[in-house]
There are 4 protein chains.
Amino acid sequence: MPIGHAAGEQANAGLMRVRFREVRSATEELCRHLTAEDMMVQSCEEASPTKWHLAHTSWFFETFVLREFVAGYRPFDERFVWLFNSYYKALGEMPEKKLRASFSRPGLSEILAFRQHVNQAMDRFLEAGAPEDALDRIQLGLHHEQQHLELIATDIKHAFFTNPLHPAFAEGRLPAAEMPAPPINWVSFEGGLVEIGDDESEFCFDNETPRHRVFLEPYQLASRLTTCAEYLTFMEDGGYLRPELWLSEGWDTVEREHWQAPLYWRKDEAGRWQIFTLRGWQPLETLSETPVCHVSLFEADAFARWAGKRLATEFEWEHAASSLAIGGNLLEHGVLHPTSAAAGPGLQQVFGDVWEWTASAYTGYPGYKPLPGALGEYNGKFMSSQMVLRGGSCVTPASHLRASYRNFFQPATRWQFSGIRLADGASE
Amino acid sequence: MPIGHAAGEQANAGLMRVRFREVRSATEELCRHLTAEDMMVQSCEEASPTKWHLAHTSWFFETFVLREFVAGYRPFDERFVWLFNSYYKALGEMPEKKLRASFSRPGLSEILAFRQHVNQAMDRFLEAGAPEDALDRIQLGLHHEQQHLELIATDIKHAFFTNPLHPAFAEGRLPAAEMPAPPINWVSFEGGLVEIGDDESEFCFDNETPRHRVFLEPYQLASRLTTCAEYLTFMEDGGYLRPELWLSEGWDTVEREHWQAPLYWRKDEAGRWQIFTLRGWQPLETLSETPVCHVSLFEADAFARWAGKRLATEFEWEHAASSLAIGGNLLEHGVLHPTSAAAGPGLQQVFGDVWEWTASAYTGYPGYKPLPGALGEYNGKFMSSQMVLRGGSCVTPASHLRASYRNFFQPATRWQFSGIRLADGASE
Amino acid sequence: MPIGHAAGEQANAGLMRVRFREVRSATEELCRHLTAEDMMVQSCEEASPTKWHLAHTSWFFETFVLREFVAGYRPFDERFVWLFNSYYKALGEMPEKKLRASFSRPGLSEILAFRQHVNQAMDRFLEAGAPEDALDRIQLGLHHEQQHLELIATDIKHAFFTNPLHPAFAEGRLPAAEMPAPPINWVSFEGGLVEIGDDESEFCFDNETPRHRVFLEPYQLASRLTTCAEYLTFMEDGGYLRPELWLSEGWDTVEREHWQAPLYWRKDEAGRWQIFTLRGWQPLETLSETPVCHVSLFEADAFARWAGKRLATEFEWEHAASSLAIGGNLLEHGVLHPTSAAAGPGLQQVFGDVWEWTASAYTGYPGYKPLPGALGEYNGKFMSSQMVLRGGSCVTPASHLRASYRNFFQPATRWQFSGIRLADGASE
Amino acid sequence: MPIGHAAGEQANAGLMRVRFREVRSATEELCRHLTAEDMMVQSCEEASPTKWHLAHTSWFFETFVLREFVAGYRPFDERFVWLFNSYYKALGEMPEKKLRASFSRPGLSEILAFRQHVNQAMDRFLEAGAPEDALDRIQLGLHHEQQHLELIATDIKHAFFTNPLHPAFAEGRLPAAEMPAPPINWVSFEGGLVEIGDDESEFCFDNETPRHRVFLEPYQLASRLTTCAEYLTFMEDGGYLRPELWLSEGWDTVEREHWQAPLYWRKDEAGRWQIFTLRGWQPLETLSETPVCHVSLFEADAFARWAGKRLATEFEWEHAASSLAIGGNLLEHGVLHPTSAAAGPGLQQVFGDVWEWTASAYTGYPGYKPLPGALGEYNGKFMSSQMVLRGGSCVTPASHLRASYRNFFQPATRWQFSGIRLADGASE
């Protein structure tokens, strides 16, 4: 995250003060319909309770900004200093992740007071004109908060799916697709020796550095994401029954977990597929032209093999995306579910809708150095057994994204809004 | 529970109406300091969230009384009919137990409205004069509620112990013991052919029937429960390090679970033992004369072997207790923790303080028949791999107990208020 | 096993010398068709490799007889002193049970030499006239060897079942049943105050002592064991699909293990049931009149409930069997599989064919004291979470059995030759 | 494995006939001191019994050569066709891997006869002049056999380590190091756009293709492997106690598995380290100058971080090795353990001694296509969650290696002969 090359605009504490308020408010705004009880649920090992997210993001500012830069700052509660540490071992012991479901105390009102306490202290700090290195930390903290904002959406979706009553997170129906998704066009790229990673034009995480050269063979990307209808064809062609389509580890997972469809798909009593969304159950037929979502890397890879194609490497993806403006079906659109692609030339749905699994394992770029100190644990220590995803989803805030952004999860992960874009070599 | 031989008093619907209100109120009274968030926590696989207990006990009346006996009764919510079923498979599918932690919806206010709905319907039903067989069912439902009342106390104790902040359930300190526990006297019983089980004088569960004859050799019981101080001596004598003291399955558990003390004991930084209670952490030294609590059958058995004694059978216990009045440190005393024995002749601490592990496996009495229908699943289907406990604890309501009462848990269970009374053969 | 009341005959060292040779030879005789490779297989956690059984039984004599009673005895190999200890923790550390599959060294020839070494030392010791207490130990050791003889048969059956080629242990076909099993008669017993346990007429294990009084209500036992045909009726009536027939723990096991039939049953490609025996696969139709075998306590209990009956307690069984001579389809008959009942009055198939699950949990008799020292671990430490079986099986040697004999296994156990005899209360 | 570009020499069936005999004999030669019982042991889930390796390698020739190319070929045993399939799902069902420990039948003599049967049929086929595409398959089969030859050595090492008697695989002592390992020199490479993968000069596996361009920044490699003495310094500096040195997944593994040293290290009663080798236990002090071995990727990575260095990528490694001749401490040297580095210029110990963990995840090269048919399962389906190792070990046959060879294992794997070579960026 090479904080340090923050541009003039971000360096301005006044502007940062505005952004701080916006990002923090957005988090609370997202939770406005959740009850204190909803915010207690931790329904799978990947997830955390909403209340914990609200506290941990405040802990981040308290730990890495206020306690380091503000003389005389008094923590809201000394116990929170270790209680809401997630995984920074350099800072000392912390509770096991699974214990977060036991945090009935501190109660929600106390956590909201904690947020308020931190907000006020931060506001005073920014008002007084924070130094450059503090601003860099704050920028990092805001991107951290936006990551957890997205996690709140994904975690509460799983929580409500686990609840046998299947409540809806948001009211209102999803927009019905009016027309079929446009056919896939294949967009060609010449490749060659290209530059990858942080271009120092804006904030980035440390795992996007250093910028370096990668050689790419000519390649093509599908103009849009794979739809539910296309994925259903794969399923109906025995996709989940044919080991030859799968990575060995993927097939083992299919058998062990009895996968037969993406996460959040079920058949109703009449045998019709339904999909659970943040707005409750929807018939597949109303979503068939939207991008398939909540698939693992294994499913994305098997689908691509079935289709005679492959997934892009993260470098192919970044090279293709680097000239495109951030936009698309992101959190601000308020749909909270992927939507169908528009017709048009070039690549569609590059940012937003779903995170796109790539064929690239998550490792450090040549010469990669984690941030010094505890913040070095932010990204670097996860560089094994994970795969890179690119592009952002319908629950990612727009200001959080850029072409060089690297998301990463274990290949069996499905609870994120993750989907598929096909790739191929050069046409001949 | 041979409901059917309810005596005249209970048969009176008016009196039942009073008891119904008392028991139902007691449940809510116990929870009065808990927040909606507290009532979400399910911190071990034995436990359920408080909110679930509140709902399930109401479900019991709705299912087995109102829907069966009240023409035109409309359930509070049709979905609750399966949502709050615990384990009655004859009634259809139900959610897995572990999912109860995901029930943020229905919210607490809705559950309290559910309780109110059931209370009002029950009140109208009793006011109109319920038939005898319905009264029997209601009596069963009230004892069922009292069992869950005790579970609320044990489950929330575990929940607060799991919370890294270790909040206290109740305010105020435990009464400090003023003097040492009296020395153990050995109370002798001649045995012979004795009668065991339901004597038809009051309500009982089906597992207490039929009354039958058992032959007992002469035996002795310790006049009081084993204290923490005595148990500490066992620990300091290598109790948890000497396999020869343990059942094979117990020793495997010691090694696998790294047991070194009862549940809820820990050492502080200075190496002094502390005990977690419903009133928070207490130094062992203030509790050393109180009965040791939260031990498994394995620990109780190992302690007895170390002491050169044994545990009583459930028949020895019942024979000894059958002439004693219900009394002692029960829920109504409000201490919420075992207290030291009084001096005095005969058996002390027979009812209340802690459930006493016996040497008896939980099986059906000769000629045992479960209740017909779904209620037959109440007790009978658990008659394997469990051990009987007798006597009640400091969180059991007095009106719930009798000498023939059989509690039962797996031998490794520790989250209940369970302790030790030594037994021996006849002195020679 | 109150060795100490051995009668004159056994007390005679000369006779013991003969019995020693017979029992030891029988073990080796049973293994005569097994290869060194067969004797390496440990196919489930209950089982041990044959070679280990051969060594451990010799270890028992070396440890408890030769090293204790024979001055100057030199162990065959000092390392075997701990290597072949099974579970006697008082003797020190031992390898984990699952490691036995790694004992390629010592090789079979070395183990046979170990047996020879022990046999010769024992022979010299007996020839010289061993003292009474040594003879008691030897008697215990021979019964120990006979238990392992039976385990060799049950373990190798599982090993060959696990091998995808399913080799047969013994050659030749099972005798085809010529006629249906006779109908069940119900044999009545008056009960009353009866004596149970060791009557001091012969060898017994310590868990059969002390003899004591038990009160029995009047009861009836089925005249013969439950047949495969009867069990198939239960299966075809949805026996494995109806939770109301099962103990709760049993139903959990059915679901977790996907039980649909007894162990060793499978359907062939045409949907016909086959049963794996020590003589290979047999069509069910040729075995339908033989006792059902390799069922757990849970299945036995569910079958009995389905049949409107129950299992006998171990006391009912022993009282009924105590006047009967040992005989029936035992190891010496060489069939190695249960056979159909003969017609005739009274109880049939009491000894041999299959171990009969009882409704009794395995606990100590009143006043039970384990043997002193390490041998106290033989039986007593297993007295939790196990159920008693009575009667012996088609792979039990005749000289190993008596009416008071208590076998015991966890209720989910199926790899033993275990079956069902129905019981009931008095007819009215 | 682009079989197809076999050079003239390999294309000659006569020469292949010689090589076939050599490779097959080498496998049997390695096993010459193992008993039939040794060949039954499967001591961890990664390993297979030796006997299974002997059979499976023959199955490979039978399946992919004889049954495809030799008209009228009759399999040795029809059941072996599925019994010894490892993981080729396109060929149908196969036994679960863990069942291999139950294959007491077929016996070793039968497996040796199977090998003989296949050898003779292959010899006749080669004598008659096999076609080019068959020769390619045979070449693949011989490299497959050499992989299993190495697995026999690694698996039996684990088997003998698991056996509490810890037998030695080979006689004789390891050569004592006469002098310290030379100091590490840093060998510099300029990098740039380099070519990676199969250069068509000899046999390769499909995962080495296609040859493609990779851009490398300037880098340095350590002139020799990391020694036990160096690794011990890391351990003594708290290497296994400091989470900041570890990948997150690695640290979880350290804690879960209680790692404190490489696999095969233990402390004797006096607290001195010993290392288990194929020649039995050796004091660490005699091996301290030899390369550390049997470490996971996690340990290699943590060591490198502690040392202020990193691991090489597989591309850096291959570029550096591509000009070096195959040689070093390989299987043919007969040491069966890594040995200390020689002094000298340039890179030492590149081939042999230990497989070197790289920082590269195992994925397909750009444009990678697996072989068609079942053989496509050989490599491609394992391309997730594994890391690449390069260079070969002291139990790899020399004729099996080349600079482009890619070995791969999960990052927690330790039972292979795997070690560490440090890398770094350009010196400044």
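Residues numbered from 1 in each chain as written. Chains lettered and ligands numbered in written order. Predicted model: local features only at pLDDT ≥ 70, side-chain atom pairs only at ≥ 80, totals over all residues. Heavy atoms only, no water.

A word on the interface of chain C and chain D
For the record, the criterion: The contact criterion used is simple: two residues touch if any of their non-hydrogen atoms lie within 4.5 Å. By buried area we mean the combined loss of accessible area, with a 1.4 Å probe, across both parts when two parts are placed together. Whenever a carboxyl oxygen of Asp or Glu lies within 4 Å of a side-chain nitrogen of Lys or Arg, that contact is scored as a salt bridge.
Taken residue by residue, the interface counts 28 residues in chain C and 29 residues in chain D. Buried area between chain C and chain D, summed over both chains or domains, comes out near 2,300 Å², and the portion from carbon and sulfur atoms is 62%. Interface area lost by chain C to chain D is led by Glu37(C), Arg105(C) and Leu165(C), which between them contribute 34%. There are four salt bridges connecting chain C and chain D.

Focus on the pairing of strand β7 (residues 280–283) of chain B
Residue and element names in this part refer to chain B. Basically, it comes down to this: At least two bridges found by DSSP between two strands is the condition for calling them paired. To qualify as a helix, a DSSP run of H or I must reach at least 4 residues; to qualify as a strand, a run of E must reach at least 2; elements of each kind are numbered from the N terminus.
Inspection of the sheet shows strand β6 (residues 273–277) paired to β7 by four bridges, in the antiparallel sense. Of the residues in β7, the one forming a bridge with Phe 276 is Trp 281. The hairpin turn running from β6 into β7, its antiparallel successor, is two residues long.

Describing the pattern of salt bridges
Residue and element names in this part refer to chain C. Convention followed: To sort residues, take the accessible area from a 1.4 Å probe on protein chains only and compare it with the maximum for the residue type: under 20% means buried, over 50% means exposed, and anything in between is partly exposed.
Counting across every chain of the model gives 108 salt bridges over all chains. Of the charged contacts in the structure, one is a salt bridge between Glu 314 and Arg 390, with a shortest N-O distance of 2.8 Å. Taken together, the residues Glu 314 in helix α11 (residues 314–321) and Arg 390 in strand β10 (residues 387–390) connect sequence positions 76 residues apart. With a relative accessible area of 0%, Arg 390 lands in the buried category.

Looking at the packing of aromatic side chains
Note the cut-off: Pairing of aromatic side chains here covers Phe, Tyr and the six-membered ring of Trp, requires ring centres within 6.5 Å, and sorts the geometry by plane angle: under 30 degrees stacked, over 60 edge-to-face, intermediate tilted. Consider the ring centre and the ring normal. A charge sits over the ring if Lys NZ or Arg CZ is within 6 Å of that centre and within 35 degrees of that normal.
Taken as a whole and judged by the stated rule, the model has 166 aromatic pairs over all chains. Ring centres of Phe234(C) and Tyr240(C) lie 5.9 Å apart, and the angle between their planes is 55°; on these two criteria the pair is classed as tilted. Each member of the pair, Phe234(C) together with Tyr240(C), is buried. Looking at Arg100(A), its charged tip hangs above the ring of Trp52(A), at a distance of 3.6 Å from the centre. Over the ring of Trp186(C) we find Lys309(C), and its NZ or CZ is 4.7 Å from the ring centre.

Notes on the relation of the copies chain C and chain D
Note the following rule: Our superposition of the copies is a least-squares fit, built on the C-alpha atoms of residues whose pLDDT is at least 70 in both.
When chain C is fitted to chain D, the residual RMSD is 0.0 Å, and the transformation amounts to a turn of 180° plus an axial shift of 0.0 Å. Considering both components of the superposition, the chain copies are consistent with a two-fold axis. Among all C-alpha atoms of chain C, that of Glu37(C) lies closest to the rotation axis, at 2.7 Å. The share of interface residues of chain C whose copies in chain D are also at the interface is 100%, consistent with both copies meeting through the same surface.

Here's the deal with the relation of the copies chain A and chain B
Mapping chain A onto chain B is achieved by rotating through 180° and translating by 0.0 Å along the same axis, at an RMSD of 0.0 Å. In this assembly, 100% of the residues forming the interface of chain A have copies in chain B that are likewise at the interface, indicating an isologous arrangement.

Some points on the packing of helix α7 (residues 228–236) of chain D against helix α10 (residues 297–306) of chain D
Residues and elements named next belong to chain D. How we decide: Between N-to-C directions, angles cover 0 to 180 degrees, with each direction set by a line fitted to C-alpha atoms, over the stretch in contact for helices. What sets the label is the angle itself: under 35 degrees gives roughly parallel, over 145 gives roughly antiparallel, 65 to 115 gives roughly perpendicular, and the rest give oblique. Any residue that is not Ala, Val, Leu, Ile, Met, Phe, Trp, Tyr, Cys, Pro, Asp, Glu, Lys or Arg is counted as polar, Gly included; the first ten are nonpolar and the last four charged.
With their axes 11 Å apart at the nearest point, α7 and α10 run at an angle of 80° to one another. Of the possible angle classes, the one that applies to α7 and α10 is roughly perpendicular. Contact residues: α7 offers Glu 230, Tyr 231, Thr 233 and Phe 234, while α10 offers Glu 299, Ala 302, Phe 303 and Trp 306. Residues of the contact of α7 with α10, tallied by class, amount to five nonpolar, one polar and two charged.

Focus on the sheet that holds strand β12 (residues 418–419) of chain A
Residue and element names in this part refer to chain A. Taken together, four strands build an open sheet; the order of strands is β11-β10-β9-β12 and the sheet is mixed. With partners counted over all chains shown, the strands left at the sheet margins are β11 (407–409) and β12, one partner each. Sheet analysis places strand β9 (residues 355–361) next to strand β10 (residues 387–390), joined by three bridges and oriented antiparallel. Bridge pairing in β10 links Trp 357 to Leu 389.

Side note on the domain arrangement of chain A
All names here are of chain A. The following threshold applies: Delimitation of the domains relies on an automatic or database domain assignment. Here a polar contact is taken to be a pair of N or O atoms separated by no more than 3.5 Å, where protein atoms must pair a possible hydrogen donor with a possible acceptor and residues adjacent in sequence count only if both atoms sit in side chains.
When its domains are assigned, chain A resolves into domain 1 (5–162) and domain 2 (186–425). Summarising the inter-unit geometry, the C-alpha centres of domain 1 and domain 2 are found 27 Å apart. Each partner contributes to the interface: domain 1 provides 32 residues, whereas domain 2 provides 34 residues. Together, the buried faces of domain 1 and domain 2 total about 2,900 Å²; carbon and sulfur atoms form 67% of this surface. At the boundary of domain 1 and domain 2, one finds zero salt bridges. For the interface between domain 1 and domain 2, the tally reads 17 residue pairs in polar contact (both at pLDDT 80 or more). At the level of secondary structure, the elements contributing two or more residues to the side of domain 1 that touches domain 2 comprise α2 (13–30), α3 (50–69) and α6 (132–162). No other element matches α6, which puts 18 residues into the side of domain 1 that touches domain 2.

Considering the interface of chain A and chain B
In this complex, chain A contributes 29 residues to the contact, which on the side of chain B involves 29 residues. Together, Glu37(A), Arg105(A) and Leu165(A) form the three largest contributors to the area buried by chain A at its contact with chain B, with a combined 34%. In this structure, the connection of chain A to chain B is made through four salt bridges. When the shortest N-O distance is used, the salt bridge between Arg105(A) and Asp38(B) registers 2.5 Å. Linking chain A with chain B are 12 residue pairs in polar contact (both at pLDDT 80 or more). At three residues, the largest contribution of residues to the side of chain A that touches chain B is made by α6(A). In terms of residue class, the side of chain A that touches chain B is made up of 17 nonpolar, seven polar and five charged.

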